[in-house]
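As a plain string of letters, each chain reads:
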Amino acid sequence: SAGDSVVTLLDYGAGNVRSVRNAIRHLGFDVKDVQTPEDILNANRLVFPGVGAFAAAMDVLNKNGMAEALCSYIEKDRPFLGICLGLQLLFESSEEKGPVKGLGLIPGVVGRFDSSNGFRVPHIGWNALQIRKDSLILDDVGSNHVYFVHSYRAMPSDENKEWVSSSCNYGDNFIASVRRGNVHAVQFHPEKSGDVGLSILRRFLYPKAQLTKKPTERKALKLAKRVIACLDVRTNDKGDLVVTKGDQYDVREHTKENEVRELGKPVELARQYYKDGADEVSFLNITGFRDFPLGDLPMLQVLRYTSENVFVPLTVGGGIRDFTDANGRKYSSLEVASEYFRCGADKISIGSDAVYAAEEYLRTGVKSGNSSLEQISRVYGNQAVVVSIDPRRVYLKNPEDVGFKTIRVTNPGPNGEEFAWYQCTVSGGREGRPIGAYELAKAVEELGAGEILLNCIDCDGQKKGFDIDLIKLISDAVSIPVIASSGAGSAEHFSEVFRKTNASAALAAGIFHRKEVPIQSVKEHLLNEGIEVRI
Ligand code: 1PR
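Residues numbered from 1 in each chain as written. Predicted model: local features only at pLDDT ≥ 70, side-chain atom pairs only at ≥ 80, totals over all residues. Heavy atoms only, no water.

Another point: the pattern of salt bridges. Throughout the structure, instances matching the rule amount to 29 salt bridges. A salt bridge links Glu-451 to Lys-347; the shortest N-O distance between them is 2.8 Å. In this pair, Glu-451 is assigned in strand 27 (residues 451-454) and Lys-347 in strand 21 (residues 347-350), connecting sequence segments 104 residues apart. Classification of Glu-451 by relative accessible area gives buried; the value is 0%. For the salt bridge of Lys-472 with Asp-476, the shortest nitrogen-to-oxygen distance reads 3.2 Å. Highlighted residues: Lys-472 and Asp-476, both in helix 13 (residues 468-477), separated by four residues, approximately one helical turn. (Salt bridge = Lys/Arg side-chain N within 4 Å of Asp/Glu carboxyl O. Helix = DSSP H or I, 4+ residues; strand = E, 2+ residues; numbered from the N terminus. Buried < 20%, exposed > 50% of the residue type's maximum accessible area, 1.4 Å probe, protein only.)

Its place among the elements puts Ile-228 in strand 15 (residues 226-235). Residues Ile-228 and Ile-519 lie 291 residues apart in sequence; the distance between their C-alpha atoms is 8.9 Å. For Ile-228, the residues in contact, after removing those within four places along its chain, are Glu-280, Ser-282, Ile-483, Ala-505, Ala-506, Leu-507, Ala-508 and Phe-512. (Contact = heavy atoms within 4.5 Å.)

The next thing to look at is the site of the ligand. Near the ligand lie 25 residues; those nearest to it are Lys-245, Ser-352, Asp-390, Asp-460 and Ser-486. Within the backbone of Gly-487, a nitrogen or oxygen atom sits 2.9 Å from an oxygen atom of the ligand. Compared with its free state, where it exposes 770 Å², the ligand has 98% of that area covered by protein. When atoms are counted within 2 Å of each cavity's grid points, the one that captures over half of the ligand is the second largest pocket. Put simply, the parts of the chain that give the shell around the ligand at least two residues each are strand 15 and strand 29 (505-508). Tallied by class, the residues present in the shell around the ligand amount to nine nonpolar, 12 polar and four charged. (Near = heavy atom within 4 Å. Polar contact = N/O pair within 3.5 Å; in protein donor to acceptor, adjacent residues only side chain to side chain. Areas by Shrake-Rupley, 256 points an atom, 1.4 Å probe, with all protein chains shown as cover. 1 Å grid on protein atoms, 1.4 Å probe; cavity = no way out; pocket = protein on both sides within 12 Å on 5 of 7 lines; lining within 4 Å. Sits in = over half its atoms within 2 Å of the grid points. Nonpolar A, V, L, I, M, F, W, Y, C, P; charged D, E, K, R; others polar.)

Moving on, we get to helix 10 (residues 352-364). Its 13 residues give helix 10 an end-to-end C-alpha distance of 19 Å, which sits within 8% of 18 Å, the value for a rise of 1.5 Å per residue. Considered for burial, the residues of helix 10 that qualify are Ala-354, Val-355, Ala-357, Ala-358, Glu-359 and Tyr-361. Buried-residue contacts for helix 10 involve strand 21, strand 22 (385-389), strand 25 (419-426), strand 26 (431-436) and helix 12 (437-447). Phi turns positive one or two residues past the end of helix 10, at Gly-365, with a value near 75°. (Expected span 1.5 Å × (residues − 1).)

Once that is clear, we can look at the sheet that holds strand 14 (residues 183-186). The strand order across the open sheet formed by eight strands is 2-1-3-4-14-13-12-9, and the pairing between neighbours is mixed. Two strands close off the open sheet at either side, each with one partner strand: strand 2 (30-33) and strand 9 (130-131). Here strand 12 (residues 164-170) pairs with strand 13 (residues 172-180) via six bridges, running antiparallel. By the bridge assignment for strand 13, Tyr-170 is matched with Asp-172. The sheet strands contacting helix 6 (residues 194-205) are strand 1 (6-9), strand 3 (46-50), strand 4 (80-84) and strand 14, and the helix crosses strand 4 at an angle near 155°. (Pairing = 2+ DSSP bridges. Axes fitted to C-alpha atoms, helices over the stretch in contact; angles between N-to-C directions.)

Let us now look at the domain arrangement of the protein. When the parts come together, some accessible area is lost, and that loss is often what is quoted as the size of the interface. On domain assignment, one finds that the protein holds domain 1 (2-205) and domain 2 (226-389 + 435-528). Computed from C-alpha atoms alone, the centre-to-centre distance between domain 1 and domain 2 is 28 Å. At the junction of the two partners, domain 1 supplies 25 residues and domain 2 supplies 34 residues. Summed over both partners, the interface of domain 1 with domain 2 buries about 2,100 Å², with 52% contributed by carbon and sulfur atoms. Across the salt bridge formed by Asp-346 and Lys-192, the nearest N and O atoms sit 2.8 Å from each other. Put simply, domain 1 and domain 2 have 11 residue pairs in polar contact (both at pLDDT 80 or more) between them. If one sorts the elements of the side of domain 1 that touches domain 2 by residue count, helix 1 (residues 18-26) sits on top with five residues. Partitioned by chemical class, the residues of the side of domain 1 that touches domain 2 number nine nonpolar, 10 polar and six charged. (Domains from an automatic or database assignment. Buried area = accessible area lost by both parts, 1.4 Å probe.)

The following block contains the structure:
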């Protein structure tokens, strides 16, 4: 019947479920949105991709009778797939801003990861599963990694053991998925887990399909180090949105015309990198600091098109701040971010505005709660907020010469200087600010950043390797994940940064755009070096 090709989606409008929709459509189904509790009761298959905070989600479900409908749907053993918060809400309660009561279908409490034992929180990235029982939808997963992004998790116990179908190791051995009959829920994001993720969704949507041979199991391993492809995007002088790439942030060709360097089209390159095995794709709208991004409809269009068939996490940055347009209409940074999320971004990245927020926080010692960083992380969760740091190395003869954190450099400066500090910049490196990368990183962690994208202007585009001194300094200073960026020139540079620092991911642009070092060869090299990666 017609209903056979329809998936009912419970979306209460709290974040990016565009990728879930795209993945369902990609697999040949239409999506019907839940409007009333009856839509839940009448569903053939219900997908519940919970996003945002636990309490806010329960509020919405309780207010309009959805909670009751959900419980009755699940108790009747109707086909259900909960994703991320859609798993957590099935438990009795959560400690997130709580305790907050959940739907109470599964015994157990959802608690926060403990970051005191060296595991960074949020748990962001690709991790392997320990399959505990026949879980049907996980039959193709085997030793492949799936993508997680969360700070809270439920733990297996005697009371819930009939539910737990797989677990994952990250400090704790937490619940990665549950299954009872036709009811499934997963803590990770199948819609962001590449081909493996699509196979999970396919098995849920086509439960009667021929079973392939079960993959061999292997014991769950560590969180994989991520390899990220970055696309610096801006309009060229003709007004088209293009991928560009700078040398130390200078993106103009040194010709008579002085034109913007062009290395490809954003949507095409993003698709290519997804196929090549990139663990994430980042778009940085590098002129966002002066051109308002909501006026920049092409960027939103790039996100929409990309998310149609790129099933790994997408980050977008550039121009996230409050803005008043020429007509005096005010836009908040939260509106800008919301629009990016609606168009398919999983994370947004803040550069300049985070520097101003950190400066104010350090000056006043109070969290105003009003910065874009604080507002966006309050609404969407800190796992959705990346802070991009653009520091420049400043050599010093004497470490007492500045009031910022200094380091002894591995390679002395041009005049034999043995020390340096890393000065933060805004507006794409155009203006230096009175704050160091170290001070900024610690401040933005407190203000709610979930991850740090650590660039280095001196190394950008130079292909001489990452700035190990800087990355070590910052990744040891914070307990959120740090993405190393700027300077990759070979596969060996990736193993070096993972061996010598606590970076969780490494990002490159130029070598991928110029096809000098394929993503696959970076992964293979890391694997040969004994570094956990997603293959
Ligand atoms: O300040 O919130 O509007 O955000 C602006 C964003 O744009 C920031 O994230 C900032 O890093 C970025 N940006 C601004 N100007 C430039 C530029 O290049 N002129 N690009 C720029 C940042 C650095 C990386 C680059 C790595 C790896 N580019 O994105 O991809 O350095 O490059 P490599 O592998 O080729 O060495 P806001």
